[in-house]
Amino acid sequence: MTGRVRISIIAGALAGAASMGTAAWGQDRVPAVHEDPASADASEIIVTAQRRSERLRDVPISITALTADTLVQSGINNTLDIARVTPGVQLPLYGGFLQPSIRGISSASAGLGDSSNVAIYVDGVYQPSQSGQLVDLPDIQQVEVLKGPQGTLYGQNAAGGAIILTSVAPSFDLTGRFSASYGNYDHWQVRGYISGPLVEDRIAISVAGSFEDRNGFRRNVATGGRDSGLQSELIRARLLFQASDRVSFTLGGYYSRRSDGGQYAGQPVGPGTPLGYALAGLVGLNVPRANDPQSYALNVDPLTLIRSYGFNLLGKFDTDFGTFNTVTAYGNVKVRDVADADYTAVNLGDVDLNIFNDHFIQELNFTSAKWGRATLSAGLFYMALKESYAPNTFNGYFTGLTDPVTAFPTTPSPLFRINQYAYNRKRSYAAYAELGYELTDRLNVSIAGRYSYETQQTADNYSQLTGAQGPTLTADPRGKISFERFTPRATIRYAIDDSSNVYATYSQGFKSGYVNSGDNPAANPPLEPVQPEKVFAYEVGYKGRLAPGISLNLSAFWYDYKDLQVYVYSPPNQFYRNAAAARIKGIDGDITIQAAPGLTLTAGASYVDGKYRSFPDAVVYRPNAFGFGYDTVGLDASGRRMQRAPKFTANAAISYETTWQAGTFGLYLAGNYNSGLNYDVAANVRQSAYALLDGQLSFSPAGIEGLRLVVWGKNLTNKDYLASFLGSQFVLGGSYAEPRTYGVRAEFKF
């Protein structure tokens, strides 16, 4: 089915749903109230960061909260875009794997069964797959970015923070939002949602969908064409059953498919000579080479294909003493990555990686009503996860100087092939509680703790890798390997007045340990399991309304970061190790000013000083002395800046609306700045400072309520900057972010 036909079908289905809903539910209902970003007080936004609904300014956590209207206005279409409006947050890709970084804390790995140390939740459900965390946002009502360890309430893999995504809930009032967009690179997007009642006051439904199709950004120097572009589809539905005033159940399901030919369409980006180019030069072979950031020349067609689906059941039970919530969820993620291991057109090595992820989650939590001066939150968490290579294939075309050196368009058969089959089976258990108490009308304290226990069991076909390489697996003879940790949190908050407060917190974060799948478990001695990362965090902050229309949030933080997990990729092998301790300190903040009717100014900034305190045996890549690829060498990285931790980031935006007789005209401009970051410990690959500018002009005609016509642009200055990095002894390779894009969009909401 062609992209245009699918667009027509989706658009027709959404329009049909809207029209049927109008006919069924009538025109006399009062439409739901939608937030006007130009008049909202940012400090009054309601968030659920502490698993209860509270005003943003009353929560003693550094939070960036983005409402639905802000997401639309900022052009945020998926989780990758969130970094554009959130200082201190990076969302880089390690190849095709999303690895969020908050205040310098980030994973630098993509091992089997491993999870990011920034937890992502969608509608209360934890998302453990690093590839599955790349989420389209057609119906997201609010995004909360929680900075700092959230190990108490959000679990073992929230050492750096958490990102909470909340979609539109089924409503007993008919609401909806739809948009269709067209831009350069033949970029089509259709997205929207509709929510309304099926049985009045008993059953409601929300259905959301998105479709995206565009041509490739990057030019293939070898063929003259482009990468295969992006094709993305998502459908999500939620059904609410309001059993009584106190009991409700919400059944949800989703399906997503995302095919991207650009994530691995990269090029050499580091110093030195990639091994492919060195071999070609040795035999006098002329090979095509990338000649600008938006070009590539490889010997395979790169691809990232992610297919996921899942179901969840949320239960809510209100009582006189509090509310019980249950989460039951199942998710399945299948990933296929096809990549050129050497990022050149020389036939040296390529990877066809297939990962299957199945996970089941059960959670029960309780949030009390106010018991005099006390409140309580508590819960239990369970996750069963199995992630498998099915298989991870490495094709090798060169074994030594006696082998012929070939390049595109020659397509020889591999001289050797390694098919790695393996799995990592996890079982995670946790219990947590937080007790809050008002010492006075203005002084509040809370203490919290979480106990986490996890087992991992691995198996692989290591013994077969030199033979038939079949899927027969040998279990690690050590059996289940366990990790456990208690993570406490203590907070004191003082309300200066009804609209401002100060706070101080101490908390700990915890990223689970790891058993290296694919290593020889029979080795003597076997490779030790990688121990959990630990973060000891101190933070003080201020939140408040300085004056009518002016909201300010400030925080200062100090982290001791221990037992960092380091990932080493040496195709076809990969492994983890504990290697470092770091210290991170800094300040961040944001301000919102309602400068005049219709005029809103926002700005935010983050300063992060993140350095390795002790890293005497870092394994890094250095250019080979004879110009043949890269050697792995030891380096004392103590005192060096941490990777993916820019010293300074900032963003600012202006939103202006004015109403005339013909309708409402709007202007939105947003910029963000990054002082630069290292993509590897040795700083071989460093992205220099860069700034981005996005904008849009809008018109809402007076005669058609809910219609909005938009001209939009992203990266208007067409800045080239790295978005993905992957290093090995073959090459230091990467790919760049999207170039300038622009287009038109029509929106309708009711």
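Residues numbered from 1 in each chain as written. Predicted model: local features only at pLDDT ≥ 70, side-chain atom pairs only at ≥ 80, totals over all residues. Heavy atoms only, no water.

**Overview of the confidence of the model for the protein**
Per-residue confidence for the protein gives a mean pLDDT of 88; residues scoring 70 or more make up 90%. In the predicted structure, residues 1–40 sits below a pLDDT of 50 and forms 55 contacts with residues beyond four places in sequence or in another chain. (pLDDT = per-residue confidence, 0-100. Contact = heavy atoms within 4.5 Å.)

**So, the sheet that holds strand 8 (residues 105–106)**
Pairing within the open sheet is antiparallel, and its three strands lie in the order 4-7-8. Two strands bound the open sheet, and with one partner strand each, they are strand 4 (89–90) and strand 8. By the bridge criterion, two bridges tie strand 7 (residues 101–102) to strand 8 in an arrangement that is antiparallel. By the bridge assignment, S101 is partnered in strand 8 with S106. (Pairing = 2+ DSSP bridges. Helix = DSSP H or I, 4+ residues; strand = E, 2+ residues; numbered from the N terminus.)

**Observations regarding the layout of surface pockets**
Space inside the largest pocket adds up to approximately 1500 Å³. What lines the largest pocket is a set of 45 residues, among which T48, S53, T166, A169 and R238 lie closest to the centre. At four residues, strand 22 (residues 322–340) tops the list of elements feeding residues into the lining of the largest pocket. Split into classes, the residues belonging to the lining of the largest pocket amount to 14 nonpolar, 21 polar and 10 charged. (1 Å grid on protein atoms, 1.4 Å probe; cavity = no way out; pocket = protein on both sides within 12 Å on 5 of 7 lines; lining within 4 Å. Points joined across faces, edges and corners; volume = space filled by probe spheres on them. Nonpolar A, V, L, I, M, F, W, Y, C, P; charged D, E, K, R; others polar.)

**What to know about the sheet that holds strand 10 (residues 125–126)**
Read from one edge of the open sheet, five strands run 3-11-12-9-10, paired in mixed fashion. At either end of the open sheet lies a strand with only one pairing partner, and these are strand 3 (62–67) and strand 10. In the sheet, strand 9 (residues 118–122) pairs with strand 10 via two bridges, with the strands oriented antiparallel. Bridge assignment links Y121 to a residue of strand 10, and that residue is Y126.

**Notes on the packing of aromatic side chains**
Inspection of the entire model under this criterion finds 23 aromatic pairs. Taking the centre distance of 5.5 Å and the plane angle of 80° together, the rings of F249 and F317 count as edge-to-face. Of this pair, F249 sits in strand 18 (residues 247–260) while F317 sits in strand 21 (residues 303–319), placing them 68 residues apart in sequence. Relative accessible area serves as the criterion here: at 29%, F249 is assigned to the partly exposed category. Looking at F317, the relative accessible area reads 27%, which means it is partly exposed. Ring geometry for F748 versus F750: centroids 6.0 Å apart, planes at 35°, classification tilted. By relative accessible area, F748 is classed as partly exposed at 35%. Within the aromatic cluster, the residues linked to one another by ring pairs are F321, F324, F366 and W371. Directly above the ring of F217 sits R214, whose terminal nitrogen or CZ lies 3.7 Å from the centroid. (Phe/Tyr/Trp six-rings, centres within 6.5 Å; stacked < 30°, edge-to-face > 60°. Buried < 20%, exposed > 50% of the residue type's maximum accessible area, 1.4 Å probe, protein only. Lys NZ or Arg CZ within 6 Å of the ring centre and 35° of its normal.)

**Structural notes on the pairing of strand 37 (residues 663–674)**
For strand 36 (residues 648–659) and strand 37, the ladder comprises 11 bridges, and the chain directions are antiparallel. Bridge assignment links A650 to a residue of strand 37, and that residue is Y673. Linking strand 36 back to strand 37 in an antiparallel pair, the connection comprises three residues. Summarising the sheet, strand 37 and strand 40 (residues 690–701) pair through 12 bridges and their orientation is antiparallel. Looking at the pairing, N672 lines up with L692 of strand 40.

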